[in-house]
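Spelled out, the chains give:
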Amino acid sequence: MAKGISLHIGLNYVNPEYYDGFNKKLKACESDAIDFKFISESCGYSSKIMLREDATRENVINFIKNTALRLKSGDIFLLTYSGHGSQVMEVGGNNDEDDGLDETWCLFNGELIDDELRYLWTLFDEGVRVLVISDSCTNGTIIGYRDLSPLMNQEGVRALSKAIPERMILRLHYAKQNFYNEIFEEMKQYRDREIKASIKLISASQDSENAYDGYDVDDNSFFMTALKSVWDRGSFLGSYRKFKKEILKKTAPYQTPNLLNRGKKDQNFDRQNPFQI
């Protein structure tokens, strides 16, 4: 019988010490993670949640590594993230991004770079399914980003973007340059390592777009609200492609969710109902 393990990360704030003083707080990210935990457990996953100070680089990386050891062919790992998104400049790195920037999740004590996630996927056995739901955004310092009108509710309350401002990306680059360059150097040795598992990403927005927070601490993000509406307490039937398209109908034109596959192609995974073990 297939086994499912899930990790749900939610950060309404990060430690300013690791972000050169940046301290813009979000509202709905922790609620998103809590609700994803309920969704996963309703589907039979063994779940773990990491909020605030618990959601460190070390804790997240170690959990994924340990999960890779526990899962075998036919099993599934569900990883969800709600929080600030950003980018780091690829100085001394793999130079595998057209815009010279790597996308990141802003964990409590530092950014987790997409190169690191790619390395972590190589630790999973062939036949394992990995589903990543990323509810964050990035602001490109080279190509810019899609500057849309603020998302407002009926009372005129504005939802915050979940991106770190462009000016902060440059500040962080220079303030933490040695730290992230060391990560890039370490990741170089894994650049050509094969991903044997099947990795599927549904992101809240494109690289060039903002993703929007909720209006209050009891709300969900704009994307999570749409996702829950489409999932409809598990009554949604259809593939991940159909799932993404239905979410898009509820988020356009403010955000454009993305569906991306990496690693070994798994047609059964593609056709399964969302979150199915």
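Everything discussed here concerns the structure shown above.
A short tour of the structure in this document, coming up.

Rules behind the numbers
Residues numbered from 1 in each chain as written. Predicted model: local features only at pLDDT ≥ 70, side-chain atom pairs only at ≥ 80, totals over all residues. Heavy atoms only, no water. Pairing = 2+ DSSP bridges. Helix = DSSP H or I, 4+ residues; strand = E, 2+ residues; numbered from the N terminus. Axes fitted to C-alpha atoms, helices over the stretch in contact; angles between N-to-C directions. Contact = heavy atoms within 4.5 Å. Core = buried A, V, L, I, M, F, W, Y, C linked by side-chain atoms within 4.5 Å. Buried < 20%, exposed > 50% of the residue type's maximum accessible area, 1.4 Å probe, protein only. Polar contact = N/O pair within 3.5 Å; in protein donor to acceptor, adjacent residues only side chain to side chain. Salt bridge = Lys/Arg side-chain N within 4 Å of Asp/Glu carboxyl O.

1. Structural notes on the sheet that holds strand E10 (residues 198-203)
Taken in spatial order, the six strands of this open sheet run E2-E1-E3-E7-E10-E11, and their pairing is mixed. The open sheet has two free edges, formed respectively by strand E2 (46-51) and strand E11 (258-263), since each of these has just one partner strand. Sheet twist, expressed as the mean angle between neighbouring strand axes with direction ignored, is 15 degrees. Bridging between E10 and E11 involves six bridges; their strand directions are antiparallel. Across the sheet, the residue bridging to Ile199 is Arg262, located in E11. Taken strand by strand, helix H7 (residues 240-251) contacts strand E7 (129-135), E10 and E11, and its axis lies near 155 degrees from that of E11.

2. A word on the nonpolar core
Ranked by internal contacts, the top residues of the largest apolar core, which has 44 residues, are Ile9, Ile64, Phe77, Leu79, Trp121 and Phe124. If you tally residues by element for this core, the top one is helix H2 (residues 57-70), at five residues. Those residues in contact with Ile9 that sit more than four places away from it in its chain are Ala33, Met50, Ala55, Val60, Leu79, Thr80, Tyr81, Ser82, Trp105 and Leu107. One finds Tyr45, Ala226, Tyr240 and Phe275 within the second-largest nonpolar core, a separate group that totals 25 residues.

3. Comments concerning the side chain of Asp270
Looking at the element boundaries, Asp270 is found in helix H8 (residues 267-271). Separated by 3.3 Å, the side chains of Asp270 and Lys265 make a polar contact. When sequence neighbours within four positions are dropped, the list of residues in contact with Asp270 reads Lys200, Ser239, Tyr240, Asn261 and Lys265.

4. Section: the environment of Ser40
When you line up the elements, Ser40 lands in helix H1 (residues 29-42). Sequence separation between Ser40 and Gly4 is 36 residues; the distance between their C-alpha atoms is 8.8 Å. Residues in contact with Ser40, not counting those within four places in the same chain, are Ser6, His8, Tyr45, Ser47 and Leu78.

5. Focus: the pattern of salt bridges
The full count for this structure, using the stated rule, is twelve salt bridges. A salt bridge links Lys37 to Glu41; its shortest N-O distance comes to 2.6 Å. With Lys37 and Glu41 both in helix H1 and four residues apart, the pair spans about one turn of that helix. When the shortest N-O distance is used, the salt bridge between Lys265 and Asp270 registers 3.3 Å.

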